[in-house]
Amino acid sequence: MARWCYRHRLVVVVLWVGVLFGLGAAGSTAGTDYSDNFSLPDTDSKQALDLMVEAFPQRSGDPNTVVWRVSEGSVRDTAVRERLDPALREIAGMKGVGEVASPYTGVGAAQISEDGRTAYAQVTFAEQANAVPKELVQDVVDTAGEARRDGLQVELGGQAITRIQEPPTGTAELVGLGAAAIVLFLAFGSLFAMSLPLVVAVFGVGTGMLSTTLLSHVTDVPEVAPLLGSLIGLGVGIDYALFIVTRHRKGVLRGMDPEEAAVTALNTSGRAVLFAGGTVCIALAGMLVMNMRFLDGVVIATSLTVVLSVLAAVTLLPALLGVLGERVLSRRQRRRLAAEGPEPVEARGAAARWSMTVQRHPKSIALVAVVVMAALAVPVLSLRLGATDQGNHQEDTTTRQAYDLLAEGFGPGFNGPLQLVTEDAGPAAVQALVERVRATEGVAQVAAMPSPPGSEVTVINVVPTTSPQSEATDRLIDTLRDEVVPQSGETVHVGGVTAVFKDFAAVTGDRLPYFIGAIIALGFLLLLIAFRSLVVPLTAAVMNLIAAAASFGVLVAVFQWGWGAEALGVGKEGPITAFLPVIMLSLLFGLSMDYQVFLVSRMHEEWVHTRDNARAVRVGLAETSRVINCAALIMICVFSAFVLSGDMEGAMAGIGLAAAVALDAFILRTALVPAAMHLLGRSNWWLPAGLEKRLPHLAVEPKEEAQEPGPVHADGRETESAVPGPRVGAPVEEAGSVVHGFVRAPDGEAVADVVLTLVSTGGRQVDRVTSLADGSYILSAPSGGAYLLAVTAGAHEPWARHIMIGGDALVHDVVLTEVGASR
């Protein structure tokens, strides 16, 4: 498929562009139909909500508040009323506003605080917040704001008001892409190469989000789902393309024809991308174990975006590589390749030095890594699930100020009242229940709402003395359910937004162990099949748990304890959103498996050929750590940018995932995993013989296939696609089990200390030696097939030839040309 996409590149690009614009046109025509429903079946708060919706259908729209406070005097003063009354009447007359309940009407006395300095009007839109036009909301905000004057503060709160405070759609994505572009340019040194992962990510995320928009019309998709889909889609889309492009560029730099380099990259890194994308989708599908309908839409949006990102990486990317050809390299790299020939195969630089350091000091490095991760994980012991609200917004927002004004004027619990809903209870029973609730510790106000005509449903509003996010409010809900309601002898359900989120957090906490167990078991099984080892998947599972604990520790410290929250611009501290652990753990386990697959697949490839664990771990880390760290840095930029999304849950997910990726890539995969694998030795690859026979075969890396290479330039670069069968003019040598001979200068003099490297067609170094004083050398290969023999010497031109390894020894002398001499 990679070869077909490479050769038919214009067709592939046109198809992707057509799909993207087609989905865009369909999405703009159909619009969105997102549905936020946090309630859970078979919970007390859900039963209360169902009864209220049945009894009060006219209140199904989205309620918002206009709050005002005077610094002196009273809100009842004529001067104040003359400014607010006209504004409220104008708002009530707007099309799309269902009702405005003013405190200046006969039934609105309760909407004025006891000290007379704070009042509020409730504005009920005709539709839910996500369906209310932003233009209408802005008109309401502007009209109410015109009533402000010195000494009179007017603020607005509510879900619809929150929507117009959000930054323009796409701000976080654009910032993330910009940061990723800088990292990619520094990594590649080429604008063309830099653009490839970005283009692939844009197509993957674009088609994923537009498809999610269309799916929202046929299934329940929460409003936060597209945000989370774009967050994970940008991260994996850029990373997957980065892995493939890096492998492709390495192949071109080592003398391969661009088409063959692309095919090889897709056949190696592309396989790992398919496997990694599958593990991410499996981890996301683990959310279905929670049996929460709200999460089903999140699974759909995120999984669909990941699938389309993988599809773009394995089809669109090879087509774009075909468009660029050798321009995927920077000009300096192309000039060096033409002048000096293929670069050495063996990894060099800081990554190779670090890999050697880990091999020499595995115990001390593992100990330091464990101590750091354990210290960061300590705050997770204080994790408290709940709900964020407008009290967590930044201080300069009108929603946060309205929240604070209501809390100051009417008490902290006013922003999160509870509803006791009963059916078929008589007036005497209701009154007795009201008195019993009023006498309960932690209750500030109690009032029974009049029942609608023909309804047996009664609603009792309960205002706690503490804020919605307070643990004391949670205890009050438990007291009402466990003590007060049973003593009444009536069937009463405790509901309200605060109770809904408490139930959501309780159910999440109860089901979380099953969810974690499911995704760990699935990941363990996949790695077991892929790497034919019990220890590798077990190590991965332990590392994933460590990464999860440390990342949630960072999340608790920032969002629950408030360490640096205001500096980051994420608002006031509070509990961690109840559904966030499920979503974050799915994404975290998926991304961690990505890095584990890319790291261990290279180690496994080396292990299969050499059966040397130390070499396998060293080479695998040296060749993959740089690209893993680069990919992680890109993900950190993308995820951190979601602090700018204006969505508290998006900011939490962004910060949490950025911390998780940083810890996973820079500490776990770069230090702790290789150190542990060095300590475990050959047991890393142990698998019982009986299990080996029963497991299906699923290889992440391809088998080396014997094939005839194509013609090469004098500098060793192939000029045609490698296909089976002999070719005219191909410098293919006779078969042999080993290659040996002499390295000589043109005059026949032996050349010593020349580095000779034997490379497989997949770009893997098979053997590497240095010629002796008499110029002799000997190289061996684990199996027959086509190989590249590359020679580098300081005073001589680089040299490369394709050879065939068979059953007998191959004698092959190398004649080098001095630098500057004609070839």
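Whatever comes next refers back to the structure up there.
Just so we're clear, the structure is a prediction, and the values are computed from it rather than from any experiment. (Residues numbered from 1 in each chain as written. Predicted model: local features only at pLDDT ≥ 70, side-chain atom pairs only at ≥ 80, totals over all residues. Heavy atoms only, no water.)

Asker: Let's hear about the packing of helix α10 (residues 258-285) against helix α11 (residues 293-324): which residues, and what values?
Answerer: In contact at an axis separation of 9 Å, α10 and α11 are set at 175 degrees when each is read in the N-to-C sense. Regarding the angle of α10 to α11, the classification is roughly antiparallel. Counting all contacts with α10, which are made through Ala-262, Leu-266, Gly-270, Val-273, Leu-274, Gly-277, Val-280, Cys-281, Leu-284 and Ala-285, the residues of α11 involved are Val-299, Thr-302, Ser-303, Val-306, Val-307, Val-310, Ala-313, Val-314, Pro-318 and Leu-321. Grouping the constituent residues of the contact of α10 with α11 by class yields 16 nonpolar, four polar and no charged. (Axes fitted to C-alpha atoms, helices over the stretch in contact; angles between N-to-C directions. Helix = DSSP H or I, 4+ residues; strand = E, 2+ residues; numbered from the N terminus. Parallel < 35°, antiparallel > 145°, perpendicular 65-115°, else oblique. Contact = heavy atoms within 4.5 Å. Nonpolar A, V, L, I, M, F, W, Y, C, P; charged D, E, K, R; others polar.)

Asker: Before we move on, could you go through the sheet that holds strand β8 (residues 457-464) and cite the residues and values that matter?
Answerer: Overall, antiparallel pairing links the four strands, which are arranged β7-β8-β6-β9 in an open sheet. A strand with exactly one partner marks an edge of an open sheet, and here the two such strands are β7 (443-449) and β9 (492-495). Taken pair by pair, the neighbouring strands of this sheet meet at an average axis angle of 20 degrees, ignoring direction. Both strand β6 (residues 418-423) and β9 contribute to a ladder of four bridges, which runs antiparallel. Its bridge partner lying in β9, Leu-420 is registered against Val-494. In the packing of helix α16 (residues 427-438) onto the sheet, contacts are made with β6, β7, β8 and β9, and the angle to β7 comes to roughly 170 degrees. (Pairing = 2+ DSSP bridges.)

Asker: Go over helix α15 (residues 398-410), please, and point to the residues and values.
Answerer: The terminal C-alpha atoms of α15, which comprises 13 residues, lie 18 Å apart, in line with the 18 Å expected from a rise of 1.5 Å per residue. Every buried residue of α15 is accounted for by Thr-398, Thr-399, Arg-400, Ala-402, Tyr-403, Leu-405, Leu-406, Gly-409 and Phe-410. Packed against the buried residues of α15 are β1 (63-70), β3 (118-125), β4 (152-158), α6 (159-165) and β7. Among the residues trailing α15, Gly-411 stands out with phi positive, at a value near 105 degrees. (Expected span 1.5 Å × (residues − 1). Buried < 20%, exposed > 50% of the residue type's maximum accessible area, 1.4 Å probe, protein only.)

Asker: Run through α11, naming residues and quoting values.
Answerer: In a regular helix each residue adds 1.5 Å, so 32 residues correspond to 46 Å; α11 covers 45 Å between its end C-alpha atoms and thus fits that length. In the structure, α11 departs most strongly from a straight axis at Ala-313, where the bend amounts to approximately 35 degrees. A large share of α11 lies buried, amounting to 25 of its 32 residues. At the C-terminal side of α11, Gly-325 shows a positive phi close to 65 degrees. (Bend = angle between axes of the 7 residues up to and from the residue.)

Asker: Provide a residue-level description of the side chain of Ser-533, including the pertinent values.
Answerer: Position of Ser-533 among the secondary structure elements: in the loop between α18 (497-531) and α19 (535-560). One polar contact links the side chain of Ser-533 to the main-chain carbonyl oxygen of Asn-684, over a distance of 2.3 Å. The contact partners of Ser-533, leaving out residues within four places of it in the chain, are Leu-528, Asn-684, Trp-685, Trp-686 and Leu-687. (Polar contact = N/O pair within 3.5 Å; in protein donor to acceptor, adjacent residues only side chain to side chain.)

Asker: Give a detailed account of a positive patch on the surface, specifying residues and quantitative values.
Answerer: There is a patch of like positive charges on the surface, built from Arg-331, Arg-332, Arg-335 and Arg-336. Summarising the element assignment, Arg-335 is placed in helix α12 (residues 331-340). A relative accessible area of 54% means that Arg-335 is categorised as exposed. (Patch = residues over 30% accessible without salt bridge, like charges linked within 9 Å, V, L, I, M, F, W, Y side chains within 5 Å. Areas by Shrake-Rupley, 256 points an atom, 1.4 Å probe, with all protein chains shown as cover. Salt bridge = Lys/Arg side-chain N within 4 Å of Asp/Glu carboxyl O. Lys, Arg positive; Asp, Glu negative; His and termini not counted. Charge placed at Lys NZ, Arg CZ, Asp CG, Glu CD.)

Asker: Can you explain the pairing of β4? Please cite residues and give values.
Answerer: With six of seven residues buried, β4 is to be regarded as a mostly interior element. Here β1 runs beside β4; their pairing, made up of seven bridges, is antiparallel. Note on β4: the bridge partner recorded for Val-70 is Leu-152.

Asker: Requested: an account of the pattern of salt bridges, with residues and values cited.
Answerer: Summed over all chains, the structure comprises 14 salt bridges. Overlapping salt bridges bring together Arg-3, Arg-7, Glu-259 and Glu-260 as one network.

Asker: I'd love a proper account of a negative patch on the surface, names of residues and values included.
Answerer: Judged by side-chain charge, Glu-90, Glu-135, Asp-139, Asp-142 and Glu-146 come together as a negatively charged surface patch. Among the elements that line the negative patch, the one with the most residues is helix α5 (residues 134-145), at three residues. Counting through the fold element by element, Glu-146 comes out in the loop between α5 and β4. When its relative accessible area of 59% is taken as the criterion, Glu-146 is described as exposed.

Asker: Which residues make up a nonpolar patch on the surface, and what values go with them?
Answerer: Taken together, the side chains of Ile-182, Phe-185, Leu-186 and Leu-191 define a hydrophobic patch exposed on the protein surface, amounting to about 440 Å² of accessible area. The element that contributes the greatest number of residues to the nonpolar patch is helix α7 (residues 171-188), accounting for three residues. Within the element layout of this structure, Ile-182 appears in helix α7. For Ile-182, a relative accessible area of 55% corresponds to the exposed category.

Asker: Describe the nonpolar core, naming the residues involved and giving the relevant values.
Answerer: The biggest cluster of nonpolar side chains holds 156 residues, and the ones touching the most others in it are Ile-238, Met-287, Leu-295, Phe-559, Tyr-595, Ile-634 and Phe-639. No other element matches helix α23 (residues 648-680), which puts 19 residues into this core. Counting 28 residues, the second largest nonpolar core, distinct from the first, contains Val-66, Val-70, Leu-84 and Ile-112. (Core = buried A, V, L, I, M, F, W, Y, C linked by side-chain atoms within 4.5 Å.)

Asker: A description of the pairing of β6 should follow, citing residues and the corresponding values.
Answerer: Buried residues dominate β6, accounting for five of its six residues. Of the strand pairs in this sheet, β6 and β8 are connected by six bridges, and their pairing is antiparallel. Its bridge partner being in β8, Thr-422 is matched across the sheet by Thr-458.

All we've got here are geometric facts, nothing functional implied.
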